[in-house]
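# Survey of secondary and tertiary structure
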There are 2 protein chains.
Amino acid sequence: MTKGRAGEAVLARVPKSTFRAHIADGLRAAILNGDIEPGAQLVETALAEQFGVSRGPLREAMRQLIDEGLLVAVPYTGTHVVGLSVDDVREIYSMRVTLEIFAFEQIWARREPAFRQGLVARHDALTACIDAEDDAASIVAELQLHGFVYEATGHKLLIRTWESIRGRLQLYWAAHHRAHGIRGPRRDGHDRYVAMALADDFDALKAEITDHMARGGQQTEAFLRNREAGAVQGP
Amino acid sequence: MTKGRAGEAVLARVPKSTFRAHIADGLRAAILNGDIEPGAQLVETALAEQFGVSRGPLREAMRQLIDEGLLVAVPYTGTHVVGLSVDDVREIYSMRVTLEIFAFEQIWARREPAFRQGLVARHDALTACIDAEDDAASIVAELQLHGFVYEATGHKLLIRTWESIRGRLQLYWAAHHRAHGIRGPRRDGHDRYVAMALADDFDALKAEITDHMARGGQQTEAFLRNREAGAVQGP
DNA sequence: ATACGGCAGATTGTCAACAATCGACTGATG
DNA sequence: CATCAGTCGATTGTTGACAATCTGCCGTAT
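The following refers to the structure shown. (Residues numbered from 1 in each chain as written. Chains lettered and ligands numbered in written order. Predicted model: local features only at pLDDT ≥ 70, side-chain atom pairs only at ≥ 80, totals over all residues. Heavy atoms only, no water.)

### Digging into the interface of chain A and chain B
Note the threshold: Any two residues whose heavy atoms approach within 4.5 Å at even a single point are treated as in contact. Two parts placed together each lose some accessible area under a 1.4 Å probe, and adding up what both lose gives the buried area. When a carboxyl oxygen of Asp or Glu lies within 4 Å of a side-chain nitrogen of Lys or Arg, that pair is called a salt bridge. Whenever two N or O atoms come within 3.5 Å, that pair is a polar contact, provided that in protein one can donate a hydrogen and the other can accept it, and provided that, for residues adjacent in sequence, both atoms are side-chain atoms. Strands here mean DSSP runs of E at least two residues long; helices mean DSSP runs of H or I at least four residues long; both are numbered from the N terminus.
Residue-level contacts link 32 residues of chain A with 32 residues of chain B. At the boundary of chain A with chain B, total buried surface from both sides reaches about 3,000 Å², with 55% on carbon and sulfur atoms. The tally of links from chain A across to chain B stands at four salt bridges. Between K156 of chain B and D88 of chain A there is a salt bridge, and its shortest N-O distance comes to 3.0 Å. One can count ten residue pairs in polar contact (both at pLDDT 80 or more) joining chain A with chain B. Secondary-structure elements contributing two or more residues to the side of chain A that touches chain B are helix 3 (55–68), helix 4 (86–107) and helix 7 (156–180) of chain A. In terms of residues, the side of chain A that touches chain B owes the most to one element, helix 4 of chain A, which gives nine residues.

### A closer look at the relation of the copies chain A and chain B
Definition in use: Least-squares superposition aligns the copies on the C-alpha atoms of those residues with pLDDT at or above 70 in both.
Note on the identical chains: chain A maps onto chain B by a rotation of 180 degrees and an axial translation of 0.1 Å, with an RMSD of 0.1 Å. Put plainly, the chains are arranged around a two-fold axis.

### Quick notes on helix 3 (residues 55–68) of chain B
Residues and elements named next belong to chain B. The criterion, for reference: One fewer than the residue count of a helix, multiplied by 1.5 Å, yields its expected span. Per-residue accessibility, obtained with a 1.4 Å probe over protein chains only, is compared with the maximum for each type, and a residue is labelled buried under 20%, exposed over 50%, and partly exposed between these values.
Between its terminal C-alpha atoms helix 3 stretches 20 Å, which fits the 20 Å expected from 14 residues at 1.5 Å a residue. For helix 3, the full list of buried residues reads L58, E60, A61, M62, L65, I66 and D67. Backbone geometry just downstream of helix 3 places G69 in the positive-phi region, at approximately 90 degrees.

### Some details on the protein's contact with DNA strand D
Short version of the rule: Here a residue is near a molecule or strand as soon as one of its heavy atoms is found within 4 Å of it. Note on residue categories: nonpolar means Ala, Val, Leu, Ile, Met, Phe, Trp, Tyr, Cys or Pro, charged means Asp, Glu, Lys or Arg, and polar means any other residue, Gly included.
Around DNA strand D sit 21 residues, and of these F19 and S54 of chain A together with L42, R55 and R59 of chain B come closest. Within 4 Å of the protein, the contacting atoms of DNA strand D are 71% sugar and phosphate, with bases supplying the remainder. At 3.0 Å, a backbone N or O of L42 of chain B approaches a phosphate oxygen of DNA strand D. A distance of 3.0 Å separates a phosphate oxygen of DNA strand D from a polar atom in the backbone of E44 of chain B. Its residues placed into classes, the surface near DNA strand D shows eight nonpolar, seven polar and six charged.

If you want it as structure tokens, here you go:
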């Protein structure tokens, strides 16, 4: 099996499971879902007992989330879920404009049928979620739509950076959702976005991305400005 | 002290030291210095004994380097120092162009005297290292010169991405240095770079950055192409 | 009333032992 | 001779106990 004798089709590798990975996923989901509020303190002993594991694996999972920018830790003192500041949001959206245009530059010449199909499929999924008024699913679907562009480049560093952005955005949107109720992504904006991504006017797409992000950024900043300033700041 | 009573000047906070941080720094330095070859396996028990600590802190330090992209681990099997592939280098240099232009966009309007002084100081340091033909120091000095631009933006995510790039570049250059001997950064290129960063023609600077990176990328790719392909690939 | 010193609780950092898994080797077997 | 089950050494994953450090509180002295 290791030598791929059973034809060219590589069977999906069974993921080697470690507690660390599972805990990191579960903890990340809990934070992004809003089950754990921004600013809340995470105590290792309590969490370890909750997950039913020792502190060792849990510590490593928390380290991973710290590296992802979802938690912030002070030695011998405590670990907290980060909150997003206005400055954070501003830099995230300005970086999204730059990185997403960069991503399209990398793949512009080779938007093969596979890419077009993948983009359309994710757009359809997003549309379905929006029509169903499933806000939580819409958020995930929108991030998957944008993330598909980054993944299509194959640039590992870019993908990693996007994942970091994605986590922070999801953290904000979860809070936004809890505070304001239904306020998911709108579909007209993404209809234009996808149409332009598949057309051949690169300058128009650049402008659309810039506008797209400007709208999102303004909405985000407005929400954060109306919030109490007690959130723990990220690294 | 916590309330800042002693005037506005915030005294530099004494860094809280943990083994994890020291080990991560030491291990990173050893890898980037070339004391540990790319592709080499790192065994936890051996390293722990070498550092004089238990496996716990060492594991967390290694996790950190894995997140930084310097190591790659397979559960229950082993951890290795990554090698850079030609594709990795290509994407790193193309991202450097985009990110460094983005960084200058962010600070262009507010290149205060402090920024100019900082840039000149790092350029002087680099020049001194080059004149002294201290190759290892030149590499570090060059990365600090470029890194200063990213830090000046204050964008945490951007800085973090740069640190990841910096680590990979330093990893390559260390190997390059060992293989080819003296081949440090040249000073004329950086003279132009700094001069343009302080002047007011942004388009000219963009072109200079593009050329700068193109030269570096070609040199890097040429070296990697002449190498055996047995290096462990990064994540 | 305020500043200082020390105590106590809570939390994280560290350690050494144990368990699970992997990769290679060996030897039997068709 | 190829193939496969079993075993063994090596390496990482996991655990529970112990130590170091921080924060808040209380009492005391000025």
